[in-house]
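# Structural overview for review
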Amino acid sequence: MNIRIDTARITGFRGITNLEITLPRIALLIGTNNSGKTSVIKALQLALGDYARHLTDEDFHIDSNDKRCDQILVDIRIIPADDAGSRKQTFDNEWLEEFGDKIQAEANGDQFLALRNQCLPDKVKGGFIVNRFALERWPTLADWQTEKPSAKKKLNKRFDALPFISIDAQRDIHQELKEKSSFVGRVLSSVEYDDKDVQQLEDMVAQINKEAVDKSAPLKGLKTHLDALNQSFQGAGQAELTPFPKKIRDLSKSFSVHFGESESGSFSMEYHGMGTRSWASMLTVKAFIEFMAQKHEEEAKPFFPILAAEEPEAHLHPNAQKTLYKQLIDSKGQVIISTHSPYLAALAETGELRSLSRTDCGVLVKMLGEDLDHEDRRKIRREVIHSRGELLFTKAIVLSEGETEAQALPQLFSTYYDLEPFSLGVNFIGVNGSGAKYRPFLLFSRDFNIPVFIFSDGEEKTTKDLKKHYDKVFGETDIDNSPFITMLNDTDFEGYLFESGLDDVVEKAINNVNGEGYIDSWMDKKQDTPLKSEKTDKPPCETCHQPIFEAPLRNYRGEDGRQKAMLEILDSKKPMYAQAVTEQLCLVGKSRFPSKLIEFFGKVMAEVSG
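Summarised in this report is the structure supplied together with it.

### A closer look at the sheet that holds strand β3 (residues 26–30)
Think of a sheet as strands paired side by side through backbone hydrogen bonds, with each pair either parallel or antiparallel. Taking strand neighbours across the sheet as the criterion, the 6 strands line up as β9-β12-β13-β3-β14-β15 in an open arrangement whose pairing is mixed. In this open sheet, the two edge strands, each paired with only one partner strand, are β9 (164–167) and β15 (362–366). Here the average twist between neighbouring strands, direction ignored, is 20°. Across the sheet, helix α8 (residues 318–329) is in contact with β3, β12 (306–310) and β13 (334–338); its angle to β13 comes to roughly 150°.

Written out as structure tokens, the structure is:
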């Protein structure tokens, strides 16, 4: 690798009003449906490939006033790069010769090639005009659209050394075998043999054809009858049956691909499922790229393909998706993949992810901040992308601390609104802790522009830790009045249920798990037994100077004794009781849902439905 596209700018194309996207050697475009992933790929294909012949009026952006844009602009910047993809200062000699005087340099000497592609409706002949220029500078993002290219820098053709190879989401090798213009068709059309090999192969085919006819009574009979044609040619001529193509040049006409566990057990691609046919189609593209690379090498010409694959995961199971991804990124040149697969996203480096979303202002692209240190990136990769890759495609993330909330909140949300959270693009996540446990999710949400909500316990230490880490990511925040945070009042979720008068709900849940009378039995058995030791305010030990710990005794005799016992029971097996309490809350109905819960759900719903 000695060059790469590092930046592309697009305006006026489909849903894109003004977009700049940086591209590493491997780039994964992620986002929900209709977020602009395909539009970015097609815009690049317009600039470097053959999309101009597919251009229609519908490709020109329509603004909020229903006015269609009068032009499409796509600018790309190409830079010299080393084998790792990092920018170098100057192009290698082969690219200096290829690009010639179109290469420009920044004030610090960094070289680049900037290409402009302008598409306009042809008002005289109909259709569209595509003008291509080499820019003399790479303007700032604020004024790039007004940059006027020099007529002297107009390009008459694309660079053959920079082919754009697009693999559409709808791909099927069985169909492509019938099309000369497909990648496998182009490989077949380039098949060549020298004269000696042609003669040898055709002699072999002739012998096979003769044996195939001689060993078949129907074919021999057919030949005998067809030989009667010689009566029309004064007794000259004879019929020749060729079950197999007679001429080597005709082999591609009957070319087919078979696949199976063994040669004897293989069968034609038309009988395979779409996963295998789609995968095979993409592998033929790799073969085509290698063939092109060999041709360029033989002619001592530079070659850098840009491979763009839409949804390569389609029809494939997770392990097959991962295998195919590894095969694609091993391709020569630059690889751009649009995907909905969390499995592919988990394989990518964090710096390779580009998240696209649609806003009122058009398509927005986000990536992890370059200011993140190694540890933050490691935690985001491990705790978010690897473990919960579906968050890359969500519209909102809801975070909570404990196991009870992690189980309860999504079910209660579903009951309250009578729909599933995932239908709105909402994901509920328990971070299994507080404070620093939130940080990877907060950084991820900030950099990928995904709204993040927090439902938090309200104990003093928990509140302080949450504010500390939230402020580090989002800046100084009044968490008590934040539209994205709901804090309980000096208690945890279980305690808040009792504050909200839901003692009967909790008691019914415990009885459903353990049977009637379990709470009374617990109180009788545990009364006056020691609790967990707690640090006291007493002076340290005079001998060892360590703090003094004491284990207070349980006491259920007061008015709140039964509540104390039930809280201890809930804490003893939180995962089991969390589900039981949630089921009981859903049964009593949303009219008895606690006010803080309703307030929180309202915040989330306002964001995702607004």
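Here the narrative resumes.
### Remarks on the pairing of β13
Taking burial as the measure, the 5 residues of β13 include 5 buried ones, the bulk of the element. The side-chain alternation of β13 yields two buried faces, one formed by Q334, I336 and S338 and the other by V335 and I337. Summarising the sheet, β3 and β13 pair through 4 bridges and their orientation is parallel. Paired with I26 across the bridge in β13 is V335. Pairing analysis gives 5 bridges linking β12 to β13, with the strands arranged parallel. Note on β13: the bridge partner recorded for I306 is Q334. Of the crossover connections in this fold, the one passing from β12 over α8 to the parallel β13 is right-handed.

### Comments concerning the side chain of T7
Considering the arrangement of structural elements, one finds T7 in strand β1 (residues 3–11). A distance of 3.3 Å separates the side chain of T7 from the side chain of D6, its partner in a polar contact. Excluding its chain neighbours within four sequence positions, the residues that come into contact with T7 are E20, I21, T22, D75, I76, R77 and W138.

### Focus: the sheet that holds strand β18 (residues 452–456)
Read across the open sheet, the 4 strands follow the order β17-β16-β18-β19; overall the sheet is parallel. Whereas interior strands pair on both sides, the edge strands pair on one side only; in this sheet they are β17 (426–430) and β19 (485–487). The average undirected angle you get between the axes of adjacent strands in this sheet is 15°. With 5 bridges connecting them, strand β16 (residues 396–400) and β17 associate as parallel partners.

### As for the pairing of β18
Looking along a regular strand, one sees side chains alternate from face to face of the sheet. Burial of β18 is extensive: 5 of the 5 residues sit out of reach of the surface. Across the two faces of β18 the burial is the same, with V452, I454 and S456 and F453 and F455 all buried. Relative to β19, β18 is paired through 3 bridges, and the arrangement is parallel. By the bridge assignment, F455 is partnered in β19 with T486. At this point the chain moves from β18, through helix α13 (residues 460–474), to the parallel β19, and the crossover so formed is right-handed.

### Structural notes on the pattern of salt bridges
Applying the stated criterion across every chain yields a total of 31 salt bridges. Across the salt bridge formed by D168 and K42, the nearest N and O atoms sit 3.0 Å from each other. Here D168 is found in the loop between β9 and α3 (173–176), whereas its partner K42 is found in helix α1 (residues 37–48), with 126 residues between them in sequence. Accessibility expressed as a relative area gives 36% for D168, which makes it partly exposed.

The rules behind these values
- Residues numbered from 1 in each chain as written.
- Predicted model: local features only at pLDDT ≥ 70, side-chain atom pairs only at ≥ 80, totals over all residues.
- Heavy atoms only, no water.
- Pairing = 2+ DSSP bridges.
- Helix = DSSP H or I, 4+ residues; strand = E, 2+ residues; numbered from the N terminus.
- Axes fitted to C-alpha atoms, helices over the stretch in contact; angles between N-to-C directions.
- Contact = heavy atoms within 4.5 Å.
- Buried < 20%, exposed > 50% of the residue type's maximum accessible area, 1.4 Å probe, protein only.
- Right-handed = clockwise from strand over helix to strand, strands pointing away.
- Polar contact = N/O pair within 3.5 Å; in protein donor to acceptor, adjacent residues only side chain to side chain.
- Salt bridge = Lys/Arg side-chain N within 4 Å of Asp/Glu carboxyl O.

As far as function goes, none of this settles anything; it's purely spatial.
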